[in-house]
Amino acid sequence: MQFLVYILAYPLLWLISILPFPIFYLFSDFVYFLIYRVIGYRKKVVRANLALTLPHLSDAERKDIEKKFYKHMCDMFLEMVKTMSMSPEEMERRFHVTNIDLVLDYAKKGKSVILVASHYASYEWLLTINPKLGFQGVAVYKKLANPYFDKLVRKIRSKYNTEMIETRKAIPTMAQNQRNGVLAMYGLASDQSPKLDRIFHSMKFMGVEVPVHTGAEMLAKKYDLAVIMVKVEKVKRGFYEATFLSLADNPKDFEDFQITEMYLKEVEKQILAKPEFYLWTHKRWKHRVK
């Protein structure tokens, strides 16, 4: 059944990917209508998250953010599909990196890096920057239940030679690369809720005390990796801008969880500035600390 779903969906995904951009975004508007108006995908979750974290806004203001978020979400996931057929030149035009030199300096120093990103703006197109890095880009991701779609997603995300590894393989990969002297940048999205058996720290995030992912910081200290953050902004529809921010050149010099808190405070700034570009459908605040 999983293979049947895949072979039926793949031709449609390919057709979507080759649509000219004006028609592509008209199709995204249609998908928005279905997802938001007809199906109401995770509306209760989104509204609860917005009410919890943005209580200072009026109902009308949160409703406006809600609509803008769903439009952006549809754009973003379809843009991942669009990657299948986009040329590198077109991608370069639409996803601009402002300060790639910051990353290249670490490569020149022979220092591997952990890159912490968030589910904000276009975290999918972020994977296209690998050819500019100066060393191997490795993205840690959660495997999809459908093996055929998992293979497709890995193929799309690795189009620009980013190495995709499952979460459980992150530590063995880092250890092997360190033994072999392989320089790498390890990308982790660290702003979502951790599993209950992997909670080591909690903090206020968007005004709510919640458990937070600490894996990036722990790995950085274990393998002596510099920690940098990438902040992606949506300039306009279909165009994004990424900026790197150095958090810790020598992670062992920082107190436990200090780097994690620095990172999440930067994420919070982005969300408060333009909340419509954050991924509100995730149950980020489900394990609130009482």
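The model shown is predicted, which means the values in this text are computed figures rather than measured ones. (Residues numbered from 1 in each chain as written. Predicted model: local features only at pLDDT ≥ 70, side-chain atom pairs only at ≥ 80, totals over all residues. Heavy atoms only, no water.)

Regarding the overall build of the protein
So, step 1. What the protein contains, in helices and strands, is 10 helices and 9 strands.
So, step 2. For the protein, whose C-alpha radius of gyration is 19 Å, the value lies close to the compact-globule estimate of 19 Å for 290 residues.
So, step 3. Principal axes of the C-alpha set define a box for the protein whose edges measure 50 × 45 × 40 Å.
So, step 4. By the burial criterion, 51% of the 290 residues in the protein qualify as buried.
So, step 5. Taking the contacts inside the protein whose residues are at least 6 apart along the sequence as the reference set, 79% of them involve residues at least 24 apart.
So, step 6. Roughly 14,600 Å² of accessible area belongs to the protein as shown, and the carbon and sulfur atoms make up 57% of that amount.
So, step 7. Charged side chains in the protein number 45 positive and 31 negative. The centres of these two groups are separated by 7 Å. (Helix = DSSP H or I, 4+ residues; strand = E, 2+ residues; numbered from the N terminus. Rg over C-alpha atoms; globule rule 2.2 N^0.38 Å. Buried < 20%, exposed > 50% of the residue type's maximum accessible area, 1.4 Å probe, protein only. Contact = heavy atoms within 4.5 Å. Areas by Shrake-Rupley, 256 points an atom, 1.4 Å probe, with all protein chains shown as cover. Lys, Arg positive; Asp, Glu negative; His and termini not counted. Charge placed at Lys NZ, Arg CZ, Asp CG, Glu CD.)

Digging into helix 8 (residues 170-180)
So, step 1. If you check which residues of helix 8 are buried, you get A170, T173, M174, A175 and N177.
So, step 2. Of the surrounding elements, those touching the buried residues of helix 8 are strand 2 (113-117), strand 3 (136-141), strand 4 (163-166), strand 5 (184-189) and helix 9 (215-223).
So, step 3. Among the residues trailing helix 8, G181 stands out with phi positive, at a value near 70°.

Focus on the side chain of D75
So, step 1. Relative to the helices and strands, D75 is located in helix 4 (residues 59-82).
So, step 2. Take D75: its relative accessible area is 3%, and that puts it in the buried class.
So, step 3. The contact partners of D75, leaving out residues within four places of it in the chain, are Y25, S28, K234 and R237.

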